[in-house]
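Chain residues, written in single-letter form:
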Amino acid sequence: MKILVTGGAGYIGSVVTEELIKDGHDVVVYDSLYKGHRDAIAPGAEFVQADLADSSTLTSTLKSRAIEAVIHMAADSLVGESCQNPAKYYRNNVLNGLNLLDAMRESSVKRFVFSSTAATYGEPEQQPITEEAANAPTNPYGETKLTFEHALHWYDEAFGMKFVSLCYFNAAGASERFGEDHDPESHLIPIALQAAAGKREAVEVYGNDYPTPDGTCVRDYIHVIDLARAHILALGIMDQGSRIYNLGCGGDGYSVNQVLETAREVTGKPIPARIGPRRPGDPSVLIAASDKIKKELGWKPELQDLRIIIETAWRWLQKHPNGYNR
Ligand SMILES: NC(=O)c1ccc[n+]([C@@H]2O[C@H](COP(=O)([O-])OP(=O)(O)OC[C@H]3O[C@@H](n4cnc5c(N)ncnc54)[C@H](O)[C@@H]3O)[C@@H](O)[C@H]2O)c1
């Protein structure tokens, strides 16, 4: 297939593109590089450097390359920033997303895979979170992803544009070539590994008095290659109708302490931790169920092991001690 990957120069998009190319697809990466990295674009992909706000470049790219499907990864995704600057999130995650859908409509592209987030569910009591859980986002990031998901539903009703939306929490780990390089970095595993590499003094742990086995928050991590495979599987079922799937680690999740302890074992470094107060609004446990995608799409995560996740991320960081460009 000829596939456009928006955000293909970002963390997850780089690995999605790499896996698509391995499978023999033709890929066009569409990215402004406002957050991504040129070196994160998988060799073999064509690169169009442009913003999603640029409707005419979007439409001409879709038409001239005869694109058959879009995997949409480009977005803003920092929860804290979204609370301080909601308009930025509505503009990029909703308005720019609509530009993309309209460009697809003009170009008769009818297949869409959306990298959503499990933040659309908010903080349900029932864990792991299934697709039946009520949507109740607690921040503009989750809200804008959910709003866009609603738009997808109505574009399907109006124009027969089929979509699969994938909802998950934390991507983690690395492929041999591509890894996580965000600025600022907000994810626990790269932060712990930066501390192991001597780039940070310590890791802040926000509370150790939660009702969890070791008192620290429990979260869900999925290897980025397993996530990429889910995006590619989703391309194959589009003709059977639009769907929403959750993706999770399949077990009880991993506590902050467990992540830090495994990172110490993998790296052989001490990784000092500073225990601070709880952060407002941090629930004790957040994990997503993946029974539906396993049953319906046969998704089989092959790297779902905290040690493997951390080992691959550590290998990548050692090869790129200053990230991609710096
Ligand atoms: N990283 C995670 O743990 C995680 C978890 C759940 C969902 N997601 C979703 O997955 C997607 C990718 O996440 P990531 O961590 O790889 O993000 P990332 O920031 O590494 O990559 C996003 C890419 O999109 C590009 N981009 C953003 N806005 C753009 C625009 N208007 N026009 C053109 N390019 C633009 C950026 O330059 C960047 O290369 C996001 O949609 C995010 O919401 C990520």
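Each remark here, short or long, concerns the structure printed above.
Summary of the structure given here. (Residues numbered from 1 in each chain as written. Predicted model: local features only at pLDDT ≥ 70, side-chain atom pairs only at ≥ 80, totals over all residues. Heavy atoms only, no water.)

**What to know about the site of the ligand**
Test applied: In this text, near means that some heavy atom of the residue lies within 4 Å of the molecule or strand in question. Counting of polar contacts relies on pairs of N or O atoms within 3.5 Å, with two restrictions inside protein: one atom must be capable of donating a hydrogen and the other of accepting it, and residues adjacent in sequence are counted only when both atoms are side-chain atoms. All accessibility values rest on the Shrake-Rupley procedure with a 1.4 Å probe; residue burial counts only the protein chains present in the view. Elements are defined by DSSP. Helices are runs of H or I of four residues or more, strands are runs of E of two residues or more, and each kind is numbered from the N terminus. We call Asp, Glu, Lys and Arg charged. Ala, Val, Leu, Ile, Met, Phe, Trp, Tyr, Cys and Pro are nonpolar, and the rest, Gly among them, are polar.
Taken together, the neighbourhood of the ligand is formed by 30 residues, with Asp31, Asn92, Tyr141, Lys145 and Phe169 sitting nearest. At 3.3 Å from an oxygen atom of the ligand is found a main-chain nitrogen or oxygen belonging to Tyr34. A distance of 2.8 Å is found between a nitrogen atom of the ligand and a side-chain nitrogen or oxygen belonging to Asn92. Relative to its unbound accessible surface of 830 Å², the ligand loses 97% to contact with the protein. Of all elements in the fold, only α1 (11–22), α4 (86–106), α5 (140–159) and β7 (170–172) reach the threshold of two or more residues within the shell around the ligand. Grouping the amino acids of the shell around the ligand by side-chain chemistry returns 14 nonpolar, 12 polar and 4 charged.

**Points about the nonpolar core**
Here is the rule we go by: Residues enter a nonpolar core if they are buried and are Ala, Val, Leu, Ile, Met, Phe, Trp, Tyr or Cys, with the set joined through side-chain atoms within 4.5 Å. Exposed residues in this analysis have more than 50% of their type's maximum accessible area, buried residues have under 20%, and partly exposed residues fall in between, with area computed by a 1.4 Å probe over protein chains only. The contact criterion used throughout is that any non-hydrogen atoms of two residues lie within 4.5 Å.
Counting residues in hydrophobic clusters, the biggest one holds 43 residues, and the most contacted among them are Ile12, Leu20, Ile71, Leu166 and Leu247. At the level of secondary structure, the elements contributing two or more residues to this core comprise β1 (2–6), α1, β2 (26–31), β4 (69–72), β6 (162–168), α7 (224–235), β11 (243–247) and α9 (291–297). Each residue touching Leu20, except ones within four places of it in the same chain, is listed here: Ile3, Val5, His25, Val27, Ile71, Ile232 and Leu235.

**So, the side chain of Arg243**
Tracing the sequence through the fold places Arg243 in strand β11. Accessibility expressed as a relative area gives 17% for Arg243, which makes it buried. Among the polar contacts made by the side chain of Arg243, one reaches the side chain of Glu296 at a distance of 3.0 Å. Sequence-distant contacts of Arg243, that is, excluding residues within four places in its chain, are made with Phe163, Val164, Ser165, Ile237 and Glu296.

**A closer look at unusual backbone geometry**
Leaving glycine aside, a negative phi is the common case for residues, and trans is the common case for peptide bonds. Here Gln127 and Pro128 are connected by a cis peptide whose omega angle stands at -5°. Here Pro128 lies in the loop between β5 (111–115) and α5. Between Asp183 and Pro184 the backbone carries a cis peptide bond, its omega angle lying at 5°. As for its placement among the helices and strands, Pro184 is situated in the loop between β7 and α6 (188–196). Positive phi values are uncommon outside glycine, yet Leu33 reaches one of about 65°. Relative to the helices and strands, Leu33 resides in the loop between β2 and β3 (46–49). For Ala66, which is not glycine, the phi torsion reads 50° and is therefore positive. Along the chain, Ala66 turns up in the loop between α2 (55–64) and β4. Residue classification places Ala66 among the partly exposed residues on the basis of a relative accessible area of 43%.

**Brief notes about the pattern of salt bridges**
To keep things clear, this is the line we draw: In what follows, salt bridge is the name for a side-chain nitrogen of Lys or Arg lying within 4 Å of a carboxyl oxygen of Asp or Glu.
What the rule picks out here adds up to 21 salt bridges. A salt bridge links Lys22 to Glu19, with the nearest nitrogen and oxygen atoms 3.0 Å apart. Of this pair, Lys22 and Glu19 both sit in helix α1, separated by 3 residues, roughly a single helical turn. Assessed through its relative accessible area of 6%, Glu19 is described here as buried. The shortest N-O distance in the salt bridge between Glu296 and Arg243 comes to 3.0 Å. Of the two residues, Glu296 sits in helix α9 while Arg243 sits in strand β11, which places them 53 residues apart along the sequence.

**Concerning the packing of aromatic side chains**
The condition that has to hold: Pairing of aromatic side chains requires ring centres within 6.5 Å, counting the rings of Phe and Tyr and the six-membered ring of Trp. Pairs whose planes differ by under 30 degrees are stacked, by over 60 edge-to-face, and all others tilted. Look at NZ for Lys and CZ for Arg. If either is within 6 Å of the ring centre and within 35 degrees of the ring normal, a charge sits over the ring.
Applying the stated rule across the entire model yields 6 aromatic pairs. Through a chain of ring-to-ring contacts, three or more aromatic side chains come together here, namely Phe112, Phe114 and Phe148. The ring of Phe159 has Arg105 sitting right over it, with the charged end atom 4.1 Å from the ring centre. For the cation-ring pair, Arg278 lies above Tyr210, with the distance from its terminal atom to the ring centre recorded as 3.9 Å.

**Focus on the sheet that holds β4**
In plain terms, the rule: Here a strand pair is declared whenever DSSP counts at least two bridges between the two strands. Interaxial angles span 0 to 180 degrees and are taken between N-to-C directions of axes, which are lines fitted to C-alpha atoms, for helices over the stretch in contact.
Overall, parallel pairing links the 7 strands, which are arranged β3-β2-β1-β4-β5-β6-β11 in an open sheet. The strands lining the two open edges of the sheet, one partner per strand, are β3 and β11. The mean angle between the axes of side-by-side strands here comes to 20°, regardless of whether they run parallel or antiparallel. With 5 bridges joining them, β1 and β2 adopt parallel strand pairing. From the neighbouring strand, Ile3 faces β2, where its bridge partner is Val27. Together, β4, β5, β6 and β11 form the strand contacts of α5, whose direction differs from that of β5 by roughly 165°.

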